[in-house]
Amino acid sequence: FFFLMIRRPPRSTQSRSSAASDVYKRQLMNIVNDILDYSRFRNDKLKLNFTEFDAVNKLKEIICLFEIQCRHKGIQLVYDYASNIPKEIHSDKDRLSQVITNLLSNALKFTLKGTITLSVRPGRRPGWLIFNVKDTGVGITPENISKLFVEFGKLEGREHKMLNPHGVGLGLLISNRLTYMLGSTEGIKVSSVYG
């Protein structure tokens, strides 16, 4: 038998440790899920589950997940949705959440100060929505934009390596493929100013 006694850390240290532990657990879970999804894509096994759901409430849930992290970094998180968004949409709720979560997560990683905005507008066709994530982050060089949707594509540059040391380069690739499966004809579009 092995017995280990650990002295309980002070409450403030414990809460910081717990928060850091939660972040690392979430990062590890995201990496595992990305690898599983990538494997499903490669073997044509990824299926979608289309249902009717309240898009505004689902997006509010996602925003709540990021509010604490943004507040901790001193970043303002803005949720801007048009009043004429349909209450119910027909899509895969979990996969749509995955795409938006990935976009917000990337914005959070690469934004050190300022604002992250998620805006939602009606699309050209009835029942379709356009999602836009905008941030005041470090930006991406034109040559790095082409690497965003490549398998295991990692961005070059000191800032990117420092701000995202654990990324494996699958999140945006998977999210982009998911947008096509969800019905997009254009996928994820990126516009950025570096520096």
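Rules used in this analysis
Residues numbered from 1 in each chain as written. Predicted model: local features only at pLDDT ≥ 70, side-chain atom pairs only at ≥ 80, totals over all residues. Heavy atoms only, no water. Helix = DSSP H or I, 4+ residues; strand = E, 2+ residues; numbered from the N terminus. Axes fitted to C-alpha atoms, helices over the stretch in contact; angles between N-to-C directions. Left-handed = near helix turned anticlockwise from the far one by under 90°. Contact = heavy atoms within 4.5 Å. Nonpolar A, V, L, I, M, F, W, Y, C, P; charged D, E, K, R; others polar. Parallel < 35°, antiparallel > 145°, perpendicular 65-115°, else oblique. Salt bridge = Lys/Arg side-chain N within 4 Å of Asp/Glu carboxyl O. Buried < 20%, exposed > 50% of the residue type's maximum accessible area, 1.4 Å probe, protein only. pLDDT = per-residue confidence, 0-100.

Participant: Any details on the environment of Leu65? Residues and values, ideally.
Facilitator: The topology assignment puts Leu65 in helix α2 (residues 55-73). For the pair Leu65 and Thr101, spaced 36 residues apart in sequence, the C-alpha to C-alpha distance is 9.0 Å.

Participant: Provide a residue-level description of the packing of helix α3 (residues 93-109) against helix α6 (residues 171-181), including the pertinent values.
Facilitator: Axis angle and axis distance: for two packed helices, these are the angle between their axes and the distance between the axes, and together they describe the pair. Contact geometry of α3 with α6 gives a least axis separation of 9 Å together with a crossing angle of 140°. Considering only the axes of α3 and α6, their crossing is left-handed. Together, Arg95, Gln98, Val99, Asn102, Leu103 and Asn106 of α3 and Gly171, Leu172, Ile174, Ser175, Leu178 and Thr179 of α6 make up the contact between the two elements. Considered class by class, the residues forming the contact of α3 with α6 number five nonpolar, six polar and one charged.

Participant: Any chance you could break down the packing of α2 against α3 for me, citing the residues and the numbers?
Facilitator: Running from N to C, α2 and α3 cross one another at 20°; their axes reach a closest spacing of 10 Å. Here α2 lies roughly parallel to α3, going by the angle between them. In this structure, the crossing between α2 and α3 has a hand that is right-handed. For the pair formed by α2 and α3, the contact residues are Lys58, Leu59, Ile62, Ile63, Phe66, Gln69, Cys70 and Lys73 on the first element and Lys93, Ser97, Ile100, Thr101, Leu104, Ser105, Leu108 and Lys109 on the second. Classifying every residue of the contact of α2 with α3 by side-chain character gives eight nonpolar, four polar and four charged.

Participant: Kindly report on the pattern of salt bridges, identifying the contributing residues and their values.
Facilitator: Inspection of every chain in the model, using the stated rule, returns three salt bridges. Glu61 is the salt-bridge partner of Lys58, the closest N and O atoms lying 3.1 Å from each other. Placement of the pair is Lys58 and Glu61 together in helix α2, with a separation of three residues, close to one helical turn. Looking at Glu61, the relative accessible area reads 46%, which means it is partly exposed.

Participant: Before we move on, could you go through the confidence of the model for the protein chain and cite the residues and values that matter?
Facilitator: Summary statistics for the protein chain give a mean pLDDT of 77 and a share of 70% for residues scoring 70 or more. Low confidence marks residues 1-14, where pLDDT is under 50. Its contacts with residues over four positions away, or in another chain, come to two contacts.

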